[in-house]
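Structural characterization, general
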Amino acid sequence: MYSQLVNNVKIRQFDQKDTEVVIQLANDFAFFDGPTTEEDLKITHAFPEGFLVAEEDRKVVGLVYGYFRDVPKEVLDNWGVSKVATIELLVVNPKYRKHGIGTSLVDSLIGIFKKAGVDMIGLTCPEGASHAKRLYENHGFEISAYHMRKKLD
Ligand SMILES: CC(C)(COP(=O)(O)OP(=O)(O)OC[C@H]1O[C@@H](n2cnc3c(N)ncnc32)[C@H](O)[C@@H]1OP(=O)(O)O)[C@@H](O)C(=O)NCCC(=O)NCCS
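Given the structure is predicted, the values throughout are model-derived calculations rather than measurements.

Definitions and cut-offs
Residues numbered from 1 in each chain as written. Predicted model: local features only at pLDDT ≥ 70, side-chain atom pairs only at ≥ 80, totals over all residues. Pairing = 2+ DSSP bridges. Helix = DSSP H or I, 4+ residues; strand = E, 2+ residues; numbered from the N terminus. Core = buried A, V, L, I, M, F, W, Y, C linked by C-beta atoms within 7 Å. Buried ≥ 20, exposed ≤ 12 C-beta atoms within 10 Å, placed from the backbone. Contact = placed C-beta atoms within 7 Å. Arc of directions from axis to C-beta. Near = placed C-beta within 6 Å. Nonpolar A, V, L, I, M, F, W, Y, C, P; charged D, E, K, R; others polar. Axes fitted to C-alpha atoms, helices over the stretch in contact; angles between N-to-C directions. Right-handed = clockwise from strand over helix to strand, strands pointing away.

In this section: the pairing of strand E1 (residues 3-6). Here 4 bridges tie E1 to strand E2 (residues 9-13), and the two strands are oriented antiparallel to one another. When the bridges of E2 are listed, leucine 5 appears paired with lysine 10. Once E1 ends, the chain turns through 2 residues before running back antiparallel as E2, passing asparagine 7 with a positive phi of about 45°.

Put into structure tokens, the structure is as follows:
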């Protein structure tokens, strides 16, 4: 099971006992349209190895989740890649930001993806999430499209 210590911060796989604090972090500090519930966390069952938390002084202060995307072979060939993953959620408690925790979480997840043979990662970054955008750009992510939407009456 993944566990690594980076500058006194433990990056480890999510455990059931983290559920409450993870939901609270997502609800209080992530850019989502609606509240996150235990039901929403079921998406992480698809790839539990890609659900990591950051723990400082035995307190969970951040999390990241990513999983493999099911992309048709013709599309993969078009893109010139063999395995694609996505980063779904990234959040760090504001009191613990700017200490490299978000970077460590993303680095760890990318390492896990690489070991699994992933050669492309895609993600959606909310319009207002400027810190996340910068963090991803620092990791070499580039904008490839604009995600647009419209509510119908
Ligand atoms: C995006 C987010 C996860 C970043 O977390 P973080 O722990 O602050 O990330 P890092 O510390 O690795 O990097 C953030 C900044 O701190 C700086 N930093 C990193 N280590 C540092 C250190 N030891 N001392 C000072 N600054 C440092 C980085 O250079 C970076 O600077 P920049 O944003 O000015 O380029 C956090 O801002 C967040 O939770 N945002 C809200 C949720 C969100 O937008 N999620 C993404 C969409 S789902």
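Read on for the rest.
Once that is clear, we can look at the nonpolar core. Side chains of nonpolar character tend, in soluble globular proteins, to be buried together. By size, the foremost hydrophobic cluster in this structure holds 28 residues, and its most contacted members are Leu52, Leu63, Val64, Leu90 and Leu105. Looking at this core, the elements that each hand over two or more residues are helix H1 (19-29), strand E3 (51-56), strand E4 (59-68), strand E5 (84-92), helix H3 (101-115) and helix H4 (130-138). When near neighbours in sequence (up to four residues on either side) are disregarded, valine 64 contacts Leu52, Ile87, Leu89, Leu90, Leu105, Val106 and Leu109.

To continue, consider H1. All buried positions along H1 are accounted for by Val22, Leu25 and Ala26. Looking down the long axis of H1, one finds its buried residues gathered within 95° of arc, a one-sided arrangement. Those residues of H1 that are exposed and aimed more than 90 degrees away from the buried face are Glu20 and Asp28. Packing partners of the buried residues in H1 comprise E3, E4 and E5.

Before going further, it helps to spend a moment on the environment of threonine 19. Tracing the sequence through the fold places threonine 19 in helix H1. Residues threonine 19 and asparagine 93 lie 74 residues apart in sequence; the distance between their C-alpha atoms is 15 Å. Aside from chain neighbours lying at most four places away, what touches threonine 19 is Glu38 and Leu41.

Let's shift gears to the site of the ligand. Residues in contact with the ligand amount to 21 residues; listed here are only the nearest, Arg97, Gly102, Thr103, Ala129 and Ala132. When grouped by side-chain class, the residues that make up the shell around the ligand number 13 nonpolar, 5 polar and 3 charged.

Another aspect to go through is the sheet that holds E1. Here we have 6 strands laid out as an open sheet, ordered E1-E2-E3-E4-E5-E6, and mixed in their pairing. Edge positions in the sheet fall to E1 and strand E6 (120-123), since each of these pairs with one other strand and no more. Within the sheet, the average angular offset between the axes of one strand and its neighbour, ignoring direction, is 25°. The strands touched by H3 within the sheet are E1, E2, E3, E4, E5 and E6, with E4 carrying the most contacts at an inclination of about 35°.

This next bit is on the pairing of E5. Pairing analysis gives 7 bridges linking E4 to E5, with the strands arranged antiparallel. Residue tyrosine 65 lies in a different strand from E5, and its bridge partner there is leucine 89. For the crossover that starts at E5, traverses H3 and ends in the parallel E6, the hand is right-handed.

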